[in-house]
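Summary of structural features
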Amino acid sequence: MTDTPDPKPELRNEPANMQWGGRFAAGPSAIMQEINASIGFDRKMWRQDIRGSLAHAAMLAKIGLISGEDEDAIQRGLEAIAAEIEAGRFPFDEALEDIHMNIEARLTERIGEAGKRLHTARSRNDQVATDFRLWVRDAIDGLSAQLTDVMRALAERAATFAADPMPGFTHLQTAQPVTLGHHLLAYVEMLDRDRGRLADCRKRLNVSPLGSAALAGTSFPIDRHATAAALGFDRPSSNSLDAVSDRDFALEFLSAAAISAMHLSRFAEEIIIWCSAPYRFIRLSDAFTTGSSIMPQKRNPDAAELVRAKTGRINGSLVGLLTVMKGLPLAYAKDMQEDKEPVFDAAEAWTLSLAATAGMVRDMTPVIARLREFAGSGFSTATDLADWLVRVLRVPFRVAHHVTGRLVAMAEAKGVDLSDLSLAEMQSVEPGITMDIFSVLTVEASVASRTSHGGTAPANVAREAARWLEQLP
């Protein structure tokens, strides 16, 4: 006689999770365990969990809720656990659900009863909220340093190419000449705003939820200011309900990530265009390009393309977490377990994108002659001609605009540039034009004339690049 197969093996009862105590007689089904467990991703927060537990234990000992001997045992146990995790020897257990219970169970296994006292006056709700804030804060510090590195790379190249003309575009059509240095410094400005958003996010998140317990605070006489200070927070949170349910800091982090990724994507798109055969403005080495499996001549800017693509992942993380949070009543709900993966994923994608961008900036070789050639294309000095008419002949700008338009049409019909028209041809449209007009129709004269604050004049660009390089750590 053979055994009858279990028709629903996924519903077979498992041994109870002893961390929950005696409330539940039967353990979770396999499906419930799978959907409920977060250890597969929240183990990233093990350092922050140990830091929070060490601060909590020190506070409990200081106010007399645990003994000094228990605090010493907890500290030694947590340090040993940190060493185990660092060495890859920690026995992570999905049945224990998350990093917090995994560490607590291992601590109790190592030091006995003292480990069971650690969770006095706290809940997983405030523990998770604290660990997550610490993790995001650490990520902000690392990403801010990376943003600074990309800015430095851009400013260094801007200083080198402060006087080298290139076409400035609007609508991806040649508009006016600028310098390559000026163009690169535009991205320094963008990334500096990204750093500012991260700094603002860090300031707002730097409030400690620890001690808020499940949602209502605790009856134990804890010192929340002490744990906040020990963990580098500015202060403890003022409302326990908000403290355990707030994920604004994660959303703000993702918002900053999405905006910065957009900036990186715009630069990546320009690199892709600049590398293409019709432009050939820059060259990237083999370090940041790949070949084709069938076309041996190809050099594909895959690093830039992947930076551009990762923007979609980061945007998706922001939208995903906004959607998770939009309908949650106070205080904590298990939905909020879905907060970490999008943040972890976005931080990783952003980190990689910044590293690739810094590498491409330092790797790219501008083709100066090609940039100079295109800088003068498409009648790019037409505005300089109009400005000359206003400045020298004192004609209203709208009249100057009309005259310049007629001269552009004339040059276009002849298949020449504005500077190739004769003085007589120009005077047939505006008799007051003199030979001096030709002094403003070169690319070099055009960029040199843009001396207004923030303009592309080489002296401006060199000064701005030097200012950034002096300011950046």
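Preceding this section is the structure that the text describes.
In this text, all values refer to a predicted model and were calculated from it rather than measured experimentally.

1. Points about the pairing of strand S2 (residues 173–179)
As paired elements, strand S1 (residues 165–170) and S2 share 6 bridges and run antiparallel to each other. Each bridged residue has a counterpart across the sheet, and for threonine 170 the counterpart in S2 is glutamine 173. Following S1, the chain reverses through 2 residues before pairing antiparallel with S2; histidine 171 in that reversal takes a positive phi of roughly 60 degrees.

2. Observations concerning the environment of proline 301
Note that proline 301 resides in the loop between strand S5 (282–283) and helix H12 (302–325). Using a relative accessible area of 10% as the deciding quantity, one classes proline 301 as buried. For proline 301 and threonine 289, which are 12 residues apart along the polypeptide, the C-alpha to C-alpha distance reads 4.7 Å.

3. Some points on the packing of aromatic side chains
Tallied over the full model, the rule gives 11 aromatic pairs. Consider the rings of phenylalanine 132 and phenylalanine 249, whose centres lie 5.4 Å apart with planes at 70 degrees: the pair is edge-to-face. Of this pair, phenylalanine 132 sits in helix H7 (residues 124–160) while phenylalanine 249 is found in helix H11 (residues 248–275), placing the two residues 117 residues apart along the sequence. Assigned by exposure class, phenylalanine 132 and phenylalanine 249 land together as buried. Judged by centre distance (6.5 Å) and plane angle (90 degrees), the ring pair of phenylalanine 267 and tryptophan 274 falls under edge-to-face. With relative accessibility at 3%, the residue phenylalanine 267 sits in the buried group. What makes tryptophan 274 buried here is its relative accessible area of 3%. Ring pairs connect the aromatic residues Phe132, Trp135, Phe249 and Phe344, which therefore count as one cluster. The aromatic ring of phenylalanine 92 is capped on one face by arginine 43, whose charged end is 4.1 Å from the ring centroid.

4. Focus: the environment of valine 178
Examined against the element boundaries, valine 178 turns out to sit in strand S2. On a C-alpha basis, the gap between valine 178 and glutamate 94 in space is 58 Å, while along the polypeptide they are 84 residues apart.

5. Some points on the packing of helix H15 (residues 382–393) against helix H16 (residues 397–414)
Two elements in contact, H15 and H16, have axes whose closest approach is 9 Å; the angle formed by their N-to-C orientations is 135 degrees. With respect to each other, H15 and H16 are oriented oblique. Note on packing geometry: the crossing formed by H15 with H16 is right-handed. Residues Ala382, Leu385, Ala386, Asp387, Leu389 and Val390 of H15 pack against Phe397, Ala400, Val403, Thr404, Leu407 and Val408 of H16. Within the contact of H15 with H16, the residues separate by chemical class into 10 nonpolar, 1 polar and 1 charged.

6. Here's the deal with the environment of valine 408
Along the chain, the position of valine 408 falls in helix H16. The sequence separation of valine 408 and alanine 83 amounts to 325 residues, and the corresponding C-alpha distance is 73 Å. With residues near it in sequence (within four places) discarded, valine 408 still touches Phe379, Ala382 and Leu418.

Conventions and cut-offs
Residues numbered from 1 in each chain as written. Predicted model: local features only at pLDDT ≥ 70, side-chain atom pairs only at ≥ 80, totals over all residues. Heavy atoms only, no water. Pairing = 2+ DSSP bridges. Helix = DSSP H or I, 4+ residues; strand = E, 2+ residues; numbered from the N terminus. Buried < 20%, exposed > 50% of the residue type's maximum accessible area, 1.4 Å probe, protein only. Phe/Tyr/Trp six-rings, centres within 6.5 Å; stacked < 30°, edge-to-face > 60°. Lys NZ or Arg CZ within 6 Å of the ring centre and 35° of its normal. Axes fitted to C-alpha atoms, helices over the stretch in contact; angles between N-to-C directions. Parallel < 35°, antiparallel > 145°, perpendicular 65-115°, else oblique. Left-handed = near helix turned anticlockwise from the far one by under 90°. Contact = heavy atoms within 4.5 Å. Nonpolar A, V, L, I, M, F, W, Y, C, P; charged D, E, K, R; others polar.

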